[in-house]
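Chain by chain, the residues:
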Amino acid sequence: MSHLMNTYARQSVAFVRGEGSHVFDEAGRRYLDALAGIAVNTLGHGHPSLTKALAEQVARLMHVSNIYRVPEQERLSDRLAALSGMDEVFFCNSGCEANEAAIKLARMYGHQQGVDTPAIIVMEKAFHGRTLATLSATGNRKVQAGFEPLVSGFVRVPFDDLSAIEHVAANNPNVVAVLFEPIQGEGGINIAHDDYMRSLRRICDEKGWLFMVDEVQCGIGRTGAWFAHQRAGIKPDVMTLAKGLGSGVPIGACLAAGRAAGVFKPGNHGSTFGGNPLACVAALTTLEVIERDGLMARAVHVGDLIRKRMGEALAGVAGVVDIRGDGLMIGIELDRPCGELVGQALEAGLLINVTNDNVVRLLPPLVFTDADAEQLVALLAPPIRDFLGA
């Protein structure tokens, strides 16, 4: 064993290269990647447009500092603003950093509104990161355990439950923001209803709260729209991005608009590596290829195909609770913990994940083809059936 800190329950396989939707281990064995590095490898592996753009940028300039202008950062902020309707962008390196920025922004906004102890409404089963603040906002006791005392200032409510929000609105004058995921990835692929999101937007407007949307896992075209909340026809005050934005190159972003724009001033927040030229070129290229190659429409088509074929393959199997999803964000819920399926799928040549103990999570790259979808079902349905005793 190496001197790596023991923070991951790793599978024993090591991958050395990838091509499109497949990766290869040290022995040369080929695997279908239906996880994409947990929604990170948007363009799959070894995409020619991305590798060319990154190689050219590495030869030019990788990093300077945010004490200078960064033209690539300016171009990316303009592109994200055009896609989202947001006004400002802060760049960082990860989803938890983007959410940390959102939490800080909400607190500063609250203080500017005269609220001495600002609070943020968060959701049960949410996942916002592993820093102390984002861990405290997360709705999962397993990942919080051992890190108490948690950061105060969060009010937790059930997901997709408008009455709970209305109750807090009527009884807690310290609330200044709501932070939620349109689709809870770590929570088990739980999808917020459009009416719920529109009602949240309305309540935030009525109360003067910030409407903050965590699109770290569900954003960047994965659901067939640039951002999952757009299907409800709304615009947030704050939006966070990461994961798929750089197709494997670490980058995160916290976007602000409306009453949230202009809250941060020079010196209020920062990041050494955030928005460096290499990461911004990765993101710019990712967005360009998604649009050029019609990958959002492909995400919808292939996601529908996977759910249809899995439904057919598992029809009548006792223990299958639900097959749900939006685009290429899919959950197969079983009636029992099923973590062992990860290793069984790996033995079959397939990369998957299990989240919330009993939900098989599929997050394929957006370059997934119809043939990849058929192969996925052929590899995954048999171990699920065997596991459930069908």
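As the structure is a computational prediction, the values presented were derived from the model and not from experiment.

A. Representation of the sheet that holds strand β10 (residues 210-214) within the structure. The strand order across the open sheet built from seven strands is β4-β12-β11-β10-β7-β5-β6, with neighbouring strands paired in mixed fashion. In this open sheet, the two edge strands, each paired with only one partner strand, are β4 (88-92) and β6 (154-157). Within this sheet the neighbouring strands show an average axis-to-axis angle of 20 degrees, counted without direction. Across three bridges, the pairing between strand β5 (residues 119-123) and strand β7 (residues 175-180) is parallel. Looking at β7, one finds that I120 is bridged to A177.

B. Main features of unusual backbone geometry. Cis geometry is found at the peptide bond from E148 to P149, where omega equals 5 degrees. Tracing the backbone through its elements, the reader meets P149 in the loop between α6 (141-144) and β6. The backbone of I189 shows a phi angle near 60 degrees, a positive value even though the residue is not glycine. Inspection of the secondary structure puts I189 in the loop between β8 (183-184) and β9 (190-191).

C. Focus on the pairing of strand β1 (residues 15-19). Of the pairings in the sheet, the one linking β1 to strand β2 (residues 22-25) comprises four bridges and is antiparallel in character. Bridging across to β2, F15 finds its partner in D25. Counting the residues in the hairpin turn of β1 and β2 gives two residues, including G20, whose phi is positive at 60 degrees.

D. Examining the packing of helix α10 (residues 295-313) against helix α12 (residues 370-387) more closely. Taken N-terminus to C-terminus, the directions of α10 and α12 make an angle of 30 degrees; their axes are 9 Å apart at the nearest point. In this view, α10 runs roughly parallel relative to α12, as classed from their interaxial angle. Our pair here, α10 against α12, has a crossing hand that is right-handed. Facing R298, H301, V302, L305, I306, R309, M310 and A313 of α10, the residues of α12 in contact are D370, A373, E374, L376, V377, L380, A381, I384 and R385.

E. Region of interest: the side chain of Q73. Inspection of the secondary structure assignment puts Q73 in helix α3 (residues 71-84). Polar side-chain contacts of Q73 include one of 2.7 Å to the backbone oxygen of G275. Sequence-distant contacts of Q73, that is, excluding residues within four places in its chain, are made with N66, F91, G274, G275, N276 and C280.

F. Fine view of the packing of aromatic side chains. According to the stated counting rule, one finds four aromatic pairs in the structure shown. Each residue in the set F159, F180, Y196 and F211 is aromatic and connected to the rest through ring pairs, giving one cluster. The ring of F24 carries the charged tip of R17 above its face, separated from the ring centre by 4.0 Å.

G. Main features of the state of the cysteines. Using the criterion set out here, one finds zero disulfides in the structure. Cysteine C96 is unpaired, with the sulfur of C92 as its nearest cysteine sulfur at 8.1 Å. Taking the relative accessible area as the measure of exposure, C96 reaches 22% and is therefore partly exposed. Among the cysteines around C218, which has no disulfide bond, C254 carries the closest sulfur, lying 15 Å off.

H. Highlighting the sheet that holds strand β15 (residues 350-351). If you trace the four strands from one edge of the open sheet to the other, you get β1-β2-β3-β15, paired in mixed fashion. The open sheet has two edge strands, β1 and β15, and neither has a second partner. Those strands touched by α12 are β2, β3 (30-33) and β15, and its axis lies near 105 degrees from that of β3.

I. Structural context of the pattern of salt bridges. Enumeration over the complete set of coordinates arrives at 24 salt bridges. As a salt-bridge pair, E19 and R17 come within 2.6 Å of each other at their nearest N and O atoms. Overall, R17 belongs to the partly exposed group, its relative accessible area being 44%. A salt bridge links E374 to R309; the nearest nitrogen and oxygen atoms lie 3.0 Å apart. Of this pair, E374 sits in helix α12 while R309 sits in helix α10, and the two are 65 residues apart along the sequence. One connected set of salt bridges, linked through shared partners, spans R201, D205, D237 and R259.

J. Structural context of a nonpolar patch on the surface. Taken together, the side chains of L61, V64, I67 and Y68 define a hydrophobic patch exposed on the protein surface, amounting to about 400 Å² of accessible area. Summarising the element assignment, I67 is placed in the loop between α2 (48-60) and α3. Take I67: its relative accessible area is 66%, and that puts it in the exposed class.

Quick notes on the rules
- Residues numbered from 1 in each chain as written.
- Predicted model: local features only at pLDDT ≥ 70, side-chain atom pairs only at ≥ 80, totals over all residues.
- Heavy atoms only, no water.
- Pairing = 2+ DSSP bridges.
- Helix = DSSP H or I, 4+ residues; strand = E, 2+ residues; numbered from the N terminus.
- Axes fitted to C-alpha atoms, helices over the stretch in contact; angles between N-to-C directions.
- Parallel < 35°, antiparallel > 145°, perpendicular 65-115°, else oblique.
- Left-handed = near helix turned anticlockwise from the far one by under 90°.
- Contact = heavy atoms within 4.5 Å.
- Polar contact = N/O pair within 3.5 Å; in protein donor to acceptor, adjacent residues only side chain to side chain.
- Phe/Tyr/Trp six-rings, centres within 6.5 Å; stacked < 30°, edge-to-face > 60°.
- Lys NZ or Arg CZ within 6 Å of the ring centre and 35° of its normal.
- Disulfide = S-S within 2.5 Å.
- Buried < 20%, exposed > 50% of the residue type's maximum accessible area, 1.4 Å probe, protein only.
- Salt bridge = Lys/Arg side-chain N within 4 Å of Asp/Glu carboxyl O.
- Patch = residues over 30% accessible without salt bridge, like charges linked within 9 Å, V, L, I, M, F, W, Y side chains within 5 Å.
- Areas by Shrake-Rupley, 256 points an atom, 1.4 Å probe, with all protein chains shown as cover.

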